[in-house]
Amino acid sequence: MSSPSILDVRTPVRSRPPAVRPRRRPSWPLLVLAGWLAQVGIRYALTGGNGVPVAFPDESGYLLAARWLTGGPGGDLSGSTFYQGGYPLLISPAFWLGHDPQTCYRIVLGINALVGASIFPLGVVALRRMRLARPQAYALAFGAALLPAATVFGGFALTDAVLPTLLLGWLLALHSFLRAWSRGRNTSGDARRMYARRTVAAGSLAGLAAAYAYTTHARGSVVLAVHVLTLAAVLGRDLVRKGTPRAAVPAEPGRPRAAVVAERGRPRAAVRPLLVPAAVVLLAVGAGWALNGAVRSALYPHGVRNLGGLLSTRLTTVAGLEWAVCGAAGQIWYLIVATWGLAGIGLVAAARTLCRPWSAPADRILSGVLLAATAGTALASSAALPDEHRVGNYFYGRYLACLAVAHALCGLAVLIRRRHALAGYACAAGVVLVGAGLSAAVFAGDRLTHYTFIAFDFPETCFLTWDWTSFRLGASSLAAFGLLSALVVLAFLPRPAWTIAAGLTAFNLVAALVIAKPWLPAREPIFRPGPPYGGVAVDAGLTWRVWVRQTYQVWWTQIGFFHSANEAPPTGTCMVIVPVPERTAPGASWRRHPDGWRLAYSGVSPAPWAAWRSSRCSKTVT
């Protein structure tokens, strides 16, 4: 046998490297859900261990209404500002889960955290519509959602905890409605029907949000008015619109050009999708009006504090208009300062979009809506605000806090997408800041130093100036403009979206922590009424600052009123709260008390008071 040739040597088989599996990216919905859960946790952590309301009578008004809606006792808040029923309806499940006031209050704060955190996914949607990439929108929306204007009020049973989310949702739904309407106006056939369905769905959702805002707070009346005017403008434009010129209409397969022209030019076909959103608004407003009427009748049997007369006087007199306009300017100033200058850029960007005829119709209209809602809210709230001899009459941030995140998101989009024009935007924002601040300051004059300063009215400015005892207009303005300048500088660094998002998130977290102070001991009521049995009566001469605090703590019955000087307590009363006159011992505060009554509690905050209990009461309510 011949030896094998070298050519017969087989080449060894080389093993193939293992196939590299493509790296699987996390699901986008799961990432958004994780961010929302993180926002919920942060917001709830900021509340600390608080289980007692402190903002009176606002919190008591909402909590009593929520308890009454679930079948519990209400209260008599006649003569007070009317606290509407929309927010109590939202937090009412807290009173289905228990009756202990502290437990229910903690559940209410949890509801605030759940709703307030929803501004994060809405912010992602808003930035995506402003043509930012997903990662950029995610990071920037997370930081913007932590602005103190959107987080601090979550530690109180106030509408301000949910209004920022509600109004941003309203703006996005209204934008979807306007976009579907504008795109469907010059289409026909299946495309027209598709856009009609989108118009109906988005318009109905926006209408529900506007109606709920109207049911929730007086600021919602401005939102509803702007929404209705927008619907009317869109409807009117379609009614008077002429048909599309025949030459501009392309033919469709299987359909003659004349049929397409007739369909696009038919007013009824264009108007029909707008009728359903209009009907939804009407029905929802009617339901909200009925709810508010029921709450008003139950909790304000002798009427509410009338602010409508003051509003009309301020808007129809020269002096009143001066007050309203300068107060509105002060609110605009605070809006810019409380967002570290971002809202100033957002206001300028919205005005620029509104004035550019080549911008998309939906974008132009929504910019006008945002500006109208901002100006209308500031003007109406300032006009209806009585002179309470406090600095907050001239510079107040709470009423526009509901739109702070929306303006900040616009400002962030400009920082990322308009870097070539940032200097102009920043200068324009500075002009608005200085102009609004000077207008309000000149009108207020020396009242800024003589009137009462309440730190609760100025959380962001107190943080910026580190002064919790006085209002410092110049220092706050410089600090806000300095922060805006820093953001502008960050916009020119590599990966600007991530850099700005990281800095904004960290700064907002520090600000929220300093303002909320969750490490402080939990708030406590002035006294706990004790075993839940029998009626509770209050002397009619006791200041509301005492008895309003106890209307929520007394969860088993509604507090009644009587005159302790010449009347016996109502039948079935087991506890009586009376004022303590000056230089009088608490034990002598109720000189004509019946036999069997003894002093149970007394205190001097917020005013001297004494609580008496009958020894004949022993039946406990369960």
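Structure: see above.
Report on the accompanying structure. This structure is a prediction, so every number in the text was calculated from the model and none was measured.

Below, the discussion takes up the overall build of the protein. Summing up its helical and strand segments, the protein has 24 helices and 5 strands in all. A principal-axis box enclosing the C-alpha atoms of the protein has dimensions of 125 × 90 × 50 Å. Going through the 622 residues of the protein one by one, you find that 52% of them count as buried. Taking the intrachain contacts of the protein between residues at least 6 apart in sequence as the baseline, contacts between residues at least 24 apart amount to 76%. Here the protein has roughly 28,500 Å² of accessible surface; of this, 63% comes from carbon and sulfur atoms. Across the protein, the mean location of the 58 positive side-chain charges is 15 Å away from that of the 23 negative side-chain charges.

What follows is about the packing of aromatic side chains. Summed over all chains, the structure comprises 33 aromatic pairs. Geometrically, the ring pair formed by Trp 590 and Trp 612 is edge-to-face, given 5.9 Å between the ring centres and 85° between the ring planes. Residue Trp 590 is found in the loop between strand 3 (573-579) and strand 4 (597-603), and its partner Trp 612 is found in strand 5 (residues 609-614); the two are separated by 22 residues along the sequence. By the burial criterion, Trp 590 is buried, and Trp 612 matches it.

As summarised here, the arrangement of the 5 strands in space is 2-1-3-5-4, forming an open sheet in which the pairing is mixed. Two strands in the sheet have a free side with no partner beyond their single neighbour: strand 2 (560-562) and strand 4. On average, adjacent strands in this sheet sit at an angle of 30° to one another, irrespective of strand direction. In the sheet, strand 1 (residues 535-539) pairs with strand 2 via 3 bridges, with the strands oriented parallel. Each residue of the ladder has a partner; that of Asp 539, found in strand 2, is Phe 562.

To continue, consider the pattern of salt bridges. According to the stated counting rule, one finds 6 salt bridges in the structure shown. The residue Arg 390 makes a salt bridge to Glu 388 at a minimum N-O spacing of 2.6 Å. For Glu 388, a relative accessible area of 34% puts it in the partly exposed group. The residue Asp 457 makes a salt bridge to Arg 390 at a minimum N-O spacing of 2.5 Å. On the criterion of sequence distance, the pair formed by Asp 457 in the loop between helix 20 (447-450) and helix 21 (459-465) and Arg 390 in the loop between helix 17 (361-384) and helix 18 (404-417) is long-range, its members being 67 residues apart. For Asp 457, a relative accessible area of 7% gives the class buried. Through salt bridges with shared partners, a single network forms among Asp 58, Asp 160, Arg 219 and Arg 398.

Let's shift gears to the state of the cysteines. One pass over the full model with this rule turns up 1 disulfide. Bridging Cys 574 to Cys 617, the disulfide has an S-S length of 1.9 Å. On the sign convention where negative is left-handed, the bridge of Cys 574 and Cys 617, at about -90° about the S-S bond, is left-handed. Within this pair, whereas Cys 574 is found in strand 3, its partner Cys 617 is found in the segment after strand 5, the two being separated by 43 residues in sequence. For the pair Cys 574 and Cys 617, one class covers both residues: buried. Considering cysteine sulfurs only, Cys 402 is the nearest to Cys 410, which forms no disulfide, with 14 Å between them.

Given a rise of 1.5 Å per residue, 18 residues ought to cover 26 Å, and the 26 Å separating the end C-alpha atoms of helix 22 (residues 473-490) matches this to within 8%. Considered for burial, the residues of helix 22 that qualify are Leu 473, Ser 476, Ser 477, Ala 480, Leu 484, Leu 487 and Val 488. For helix 22, the angular spread of buried residues about the axis comes to 115°, placing them on one side. In helix 22, the exposed residues that point more than 90 degrees away from the buried face are Leu 478 and Val 489. At its buried positions, helix 22 is contacted by helix 15 (318-338), helix 16 (342-355), helix 18, helix 19 (422-444), helix 21 and helix 23 (496-516).

Rules and cut-offs
- Residues numbered from 1 in each chain as written.
- Predicted model: local features only at pLDDT ≥ 70, side-chain atom pairs only at ≥ 80, totals over all residues.
- Heavy atoms only, no water.
- Helix = DSSP H or I, 4+ residues; strand = E, 2+ residues; numbered from the N terminus.
- Buried < 20%, exposed > 50% of the residue type's maximum accessible area, 1.4 Å probe, protein only.
- Contact = heavy atoms within 4.5 Å.
- Areas by Shrake-Rupley, 256 points an atom, 1.4 Å probe, with all protein chains shown as cover.
- Lys, Arg positive; Asp, Glu negative; His and termini not counted.
- Charge placed at Lys NZ, Arg CZ, Asp CG, Glu CD.
- Phe/Tyr/Trp six-rings, centres within 6.5 Å; stacked < 30°, edge-to-face > 60°.
- Pairing = 2+ DSSP bridges.
- Axes fitted to C-alpha atoms, helices over the stretch in contact; angles between N-to-C directions.
- Salt bridge = Lys/Arg side-chain N within 4 Å of Asp/Glu carboxyl O.
- Disulfide = S-S within 2.5 Å.
- Expected span 1.5 Å × (residues − 1).
- Arc of directions from axis to C-beta.

What is shown is where atoms sit, not what they do.
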